Amino acid sequence: VEMEDLDHLYSHQKLIQSAFPRLHALVAKGGTTTRKTIRTALLQDTVEYLPTRGFDVQAFASCDSDEMFVRISITKEEVVQHYFRAHSQQVQLSKGLIKKLGIAQDPTESSSAPPWIVFDPALGKTLNEEGVSEVDPTVLGDVYRTYHGTRPEGSVARSIDRIAIVERELGKIVNVDGAVDEGFVVDWYPVHNRRRMTELKHMWGRWGLVFDLSFAQPIHHLRHYFGSRVAFVFAWTGFYAKALTALLLPALVCLGFMIGTWALDYHKNLTLEILQLGFAAVIIVWARMAYLRWAQECKYFCTAWNLTDSVPPTRPGYRGELVVSELNANDTELRGNTYKEVGFRYISAAITLFFCALVMVSIYVWITLFDGKIGIAASVCLSASIKLFEVIFRPVAVWTTNLENHRYESDYTDALIWKNVAFESINYYYPFIYIMVFAKFTDAGCPSVGQYGQDCIWALRRSLMITVFILVGCFRVFEVFQLWAVARLKLKLEDWNADTEDGGPPPRAFMEEQAKYSKFEIQDQVETMLQLVLSLGYVVLFGAVAPVVVVIIWAVFVLQLRGSAWLLSHSCRRTFPEDKMGEGAWRRAVELILVLGVLSSALVLVIHGEAFKGTYLLTKITFTFIFVVAAFISWQVLAQEFPEKDRHTQLMLRKRDYVMRTVSKLGYTVSPPQGAEQDGEDLRRIRGGEFAEVPRLNPAHPGWTAVDTAENQAENEEINVPEDEDGGELHQRIIP
């Protein structure tokens, strides 16, 4: 290994010298060395340094003796409190404290969730001295919310807080993700708590819950265990599964009428268009209501979990040179090349556009290959093509996003999301948009569909039904079971390789077993949300034309929700916790899909509607304009009915503000010193009610600021005033 190429493993120049001296000496020496030497230095520095920072470190060999595990944990409460104070960690007050403060709030109401405050171990003592005698200053649970995991007496830190401390402190010194990429470390991951896993399996990760149409989930438990990012993924999935359940009945009614109209052949085309127009209006209103209601849910969770805009830590994979810090000239920080980063972003955008163009060309080839006949074979081929492009582009998106070298995790995630949304929208939707909008105006005309002949709408319905069922339904269920099967296969292979002479594999620790589990990292979370957002897009874009799509997508959401919950509680590693405000770029992506849904509903009517055959282009444009304007007006009306901060969120904010003001006042109950001039003539007159006798201000008084306008005061003269104690001028005033 060329040591000069390993500068990106450093996170802090000064800390690496004292904390990891062996690794620093190797890099400073330069030249080449072996991977074994670097691994040895990294391992020895880790197990020597971390205990000095309060961490408990334990090393053990794997069951087949081919790997070395290092377990890092925090068991001492004083260590947790040290890092909480050092990083101004915010913790939640206890519900019992609110009652002891004399505030009557119903603890069973969600709006009565206590506020968050910067951790201060002396707060209990302060409150006790200020008269809140019921607070025991030696018991943190009397002041702060405590969590009872492995500590019966409770701790102010959750397990994800301890994981975050380890990740942050280790990341200050060495880029562990970079060490994994270079092959110096096999992997690193937070370990599951077996008891909490069992609880999650029972309440959340069971296939039997697939028939529970309430879609209730322990979102707060998920946030405390996996972090807010994963909690938002499942909250969003459960919310839209319930929203699609509400749309299911209108979809089935519309589908039934369509089938009846087709069977009776009674004014078939006109009736189908009326049904299509009516269901399009239902979908437009439903989609906006669901969007606004989720915005309310998202705001509620952000408020309840105290998620605020703050400067995030630097991403572990960020690359750059160690330069003088902009925050502290006595320190160093990583800083990338801005011009290079911007250039790579243009390059990655060009690569994404190239793949989009490639998909559009492939759709033309697909139509030509099947000679415009849309059947089962053509739909299966289309599904395979879409999935193939998805598999090819997925690593390309990750690679190009890594090239862009984003400093913060949120920027990295948003960039990865938008690349995938841009490409997959073309990949998933363009074949059907081509049939719906463009095919009619080509030389070949609309695709042919059996007995219906050349009919774009029937071709669209058949292709949608088959492709969505295969692509979204079957593949998503297959991927869930495939991840579970891969994890189990790895464990079986390790058992087979580690068989001892007595005929059985050696015992394997639970934390070691998790090394073979599937990952659910940022890329996997993005992929899960992407598939669901694209599935939702099928409903918004094409649900009015083919209501059966609503039924299929509803089943996909239900199976995805329960399948992902089952996978995370059985065969997936625990994720590194990350507090993220809402769903970030996903919300804007959904809003874009809603706008496209309005346009597609209008276009399908004016292009293929019987009522618009033979009409002027201006008539079609006018109808499209009126349709879009009406949709946006209805959206504005709904926005007034569903504000982002609903009543419960606003009440929670008001209650928390009241509690915080009460706590703040307790520190200032001592009367201030008495003010001056308590016995002046002016005050005696006021107390005696002799208001007309209150004297004018004496010019000799230090408060006199009037300026004599006599002849000796020149007009517009600049008045010089004394400087304050710091040498800065108090003010400067021009008197006309």
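Q: So what exactly am I meant to see when it comes to the overall build of the chain here?
A: In terms of helices and strands, the chain carries 23 helices and 8 strands. Taking the intrachain contacts of the chain between residues at least 6 apart in sequence as the baseline, contacts between residues at least 24 apart amount to 73%. When the accessible surface of the chain is totalled, it reaches about 38,100 Å², and 59% of it is carbon and sulfur.

Q: What is the right way to read the pattern of salt bridges from this model?
A: Close approach of charged atoms allows side chains with opposite charge to pair. Evaluated as defined, the whole model comprises 22 salt bridges. Residues Lys100 and Asp142 are paired through a salt bridge, measuring 3.5 Å at the closest nitrogen-oxygen approach. A residue pair is termed long-range when its members are at least 10 positions apart, and Lys100 in helix H5 (residues 95–100) and Asp142 in the loop between helix H6 (123–129) and helix H7 (159–171) qualify at 42 residues. Put simply, Glu390 and Arg394 hold a salt bridge, and the shortest N to O gap is 2.8 Å. Here Arg394 and Glu390 lie together in helix H14 (residues 376–404), a separation of 4 residues that amounts to about one turn.

Q: How should the nonpolar core be read in this particular structure?
A: Within soluble globular proteins, side chains that are nonpolar tend to cluster in buried spots. Counting 133 residues, the largest nonpolar core has Trp236, Tyr240, Leu464, Tyr538, Ile553 and Phe557 as the members making the most contacts within it. Top contributing element to this core by residue count: helix H11 (residues 228–264), with 17 residues. Not counting chain neighbours up to four residues away, the residues in contact with Phe557 comprise Trp236, Thr237, Tyr240, Ala241, Leu244, Leu532, Ser535 and Leu536. One finds Tyr83, Val143, Trp188 and Val663 within the second-largest nonpolar core, a separate group that totals 49 residues.

Q: Just checking my understanding: could you explain the state of the cysteines for this structure?
A: Each disulfide is one covalent bond, formed between the sulfur atoms of two cysteines. Applying the stated criterion to the full structure yields 0 disulfides. Cys302 carries a free sulfur, and the closest cysteine sulfur to it, the one in Cys298, is 4.3 Å from it. What makes Cys302 buried here is its relative accessible area of 8%.

Q: Before we go on, may I ask you to explain the packing of helix H18 (residues 522–542) against helix H20 (residues 585–608) in this structure?
A: Think of two packed helices as two axes; the pair is described by the angle between the axes and how far apart they sit. With their axes 9 Å apart at the nearest point, H18 and H20 run at an angle of 20° to one another. Here H18 is positioned roughly parallel relative to H20, judged by the angle of their axes. As for how H18 packs across H20, the hand of that crossing is right-handed. Between H18 and H20, the contacting residues are Val526, Met529, Leu530, Val533, Leu536, Gly537, Val540 and Leu541 on the first element and Trp586, Val590, Ile593, Leu594, Leu596, Gly597 and Ser600 on the second.

Q: Please explain the side chain of Thr467 as it appears in this structure.
A: Topologically, Thr467 is positioned in helix H16 (residues 456–497). In this structure Thr467 touches Ser379, Leu382, Ser383, Ile386, Phe432 and Val472, once residues within four positions along its chain are discounted.

Q: How should I be thinking about the confidence of the model for the chain in this particular structure?
A: For any part of a model where pLDDT is low, the fine detail of the predicted coordinates should not be relied upon. Confidence in the prediction for the chain averages 83 pLDDT; 88% of positions are at 70 or higher. Low pLDDT (under 50) marks residues 704–736, which in the prediction has 28 contacts with non-local residues, meaning those over four places away or in another chain.

Q: What exactly am I supposed to notice about the packing of helix H2 (residues 21–29) against helix H3 (residues 35–49) here?
A: The geometry of H2 relative to H3 is characterised by a closest axis approach of 7 Å and an angle of 145° between their N-to-C directions. Packed against H2, whose contacting residues are Pro21, Arg22, Leu23 and Leu26, the element H3 presents Thr37, Ile38, Ala41, Leu42, Gln44, Asp45 and Glu48 at the interface. For the contact of H2 with H3, the per-class residue count stands at 6 nonpolar, 2 polar and 3 charged.

Q: I would appreciate a short explanation of the environment of Leu592 in the present structure.
A: Note that Leu592 resides in helix H20. Taking the C-alpha atoms as reference points, Leu592 and Gly537, separated by 55 residues in sequence, lie 9.8 Å from one another.

Q: I'm lost on unusual backbone geometry in this one. Help?
A: For residues other than glycine, phi is negative in most cases, and the peptide bonds are mostly trans. One non-glycine residue, Ser88, lies in the positive phi region at around 50°. As for its placement among the helices and strands, Ser88 is situated in the loop between helix H4 (77–86) and strand S3 (90–92). For Ser88, a relative accessible area of 45% gives the class partly exposed.

Q: I'm lost on a nonpolar patch on the surface in this one. Help?
A: There is a patch of nonpolar side chains on the surface, built from Trp418, Leu592, Leu596, Leu599 and Leu603 and spanning about 400 Å² of accessible area. Broken down by element, the residue count for the nonpolar patch peaks at 4 residues, all from H20. The topology assignment puts Leu599 in helix H20. Overall, Leu599 belongs to the partly exposed group, its relative accessible area being 35%.

Q: Would you mind showing me how to read the packing of aromatic side chains here?
A: Two measures describe an aromatic ring pair: the distance that separates the ring centres and the angle between the ring planes. Inspection of the entire model under this criterion finds 35 aromatic pairs. Aromatic side chains Phe355 and Phe423 sit 6.1 Å apart centroid to centroid with 85° between the ring planes, which places their arrangement in the edge-to-face category. One end of the pair, Phe355, is in helix H13 (residues 338–369); the other, Phe423, is in helix H15 (residues 409–438), with 68 residues separating them in the sequence. Residues Phe355 and Phe423 agree in their burial class; the two are buried. One aromatic cluster is present, formed by Trp236, Phe239, Tyr240, Trp294 and Phe557 through successive ring pairs. If you follow Arg194 out to its NZ or CZ, it ends over the ring of Phe510, 4.1 Å from the centre.

Q: Which parts of the structure should I look at to understand helix H19 (residues 548–568)?
A: Side chains that are three or four residues apart share a direction in an α-helix, a result of its 3.6 residues per turn. Across its 21 residues, H19 extends 30 Å between first and last C-alpha, which sits within 8% of the 30 Å expected from 1.5 Å per residue. Of all 21 residues in H19, 17 are buried, a share of seventy percent or more.

Q: What's the story with H18 in this structure? I'm lost.
A: Helix length check: H18, at 21 residues, gives a terminal C-alpha distance of 30 Å against a target of 30 Å (1.5 Å per residue), a fit within 8%. In terms of residue burial, H18 counts as a mostly covered element, since 19 of its 21 residues are buried.

Q: Just checking my understanding: could you explain the side chain of Ser94 for this structure?
A: The residue Ser94 is located in the loop between S3 and H5 in this model. What makes Ser94 buried here is its relative accessible area of 8%. Those residues within four positions of Ser94 in sequence are excluded, and the remaining contacts are Pro114, Gly141, Asp142, Val143, Tyr144 and Arg145.

Q: Is there a simple way to think about the pairing of strand S1 (residues 56–61) in this case?
A: Two strands pair when backbone bridges link them, and S1 and strand S2 (residues 68–73) are joined in this way by 6 bridges, in the antiparallel orientation. Counted as the bridge partner of Asp56 is Ser73 from S2. Here S1 folds back onto S2 in antiparallel fashion, the turn holding 6 residues, of which Ser65 has a positive phi close to 60°.

Q: Would you mind going over the environment of Ile16 with me for this structure?
A: Counting through the fold element by element, Ile16 comes out in helix H1 (residues 13–19). Expressed as a C-alpha distance, the spacing of Ile16 and Ile173, which sit 157 residues apart in the sequence, is 5.6 Å. Leaving out residues up to four positions away in the same chain, Ile16 has contacts with Tyr10, Pro21, Leu23, His24 and Ile173.

Quick notes on the rules
- Residues numbered from 1 in each chain as written.
- Predicted model: local features only at pLDDT ≥ 70, side-chain atom pairs only at ≥ 80, totals over all residues.
- Heavy atoms only, no water.
- Helix = DSSP H or I, 4+ residues; strand = E, 2+ residues; numbered from the N terminus.
- Contact = heavy atoms within 4.5 Å.
- Areas by Shrake-Rupley, 256 points an atom, 1.4 Å probe, with all protein chains shown as cover.
- Salt bridge = Lys/Arg side-chain N within 4 Å of Asp/Glu carboxyl O.
- Core = buried A, V, L, I, M, F, W, Y, C linked by side-chain atoms within 4.5 Å.
- Buried < 20%, exposed > 50% of the residue type's maximum accessible area, 1.4 Å probe, protein only.
- Disulfide = S-S within 2.5 Å.
- Axes fitted to C-alpha atoms, helices over the stretch in contact; angles between N-to-C directions.
- Parallel < 35°, antiparallel > 145°, perpendicular 65-115°, else oblique.
- Left-handed = near helix turned anticlockwise from the far one by under 90°.
- pLDDT = per-residue confidence, 0-100.
- Nonpolar A, V, L, I, M, F, W, Y, C, P; charged D, E, K, R; others polar.
- Patch = residues over 30% accessible without salt bridge, like charges linked within 9 Å, V, L, I, M, F, W, Y side chains within 5 Å.
- Phe/Tyr/Trp six-rings, centres within 6.5 Å; stacked < 30°, edge-to-face > 60°.
- Lys NZ or Arg CZ within 6 Å of the ring centre and 35° of its normal.
- Expected span 1.5 Å × (residues − 1).
- Pairing = 2+ DSSP bridges.

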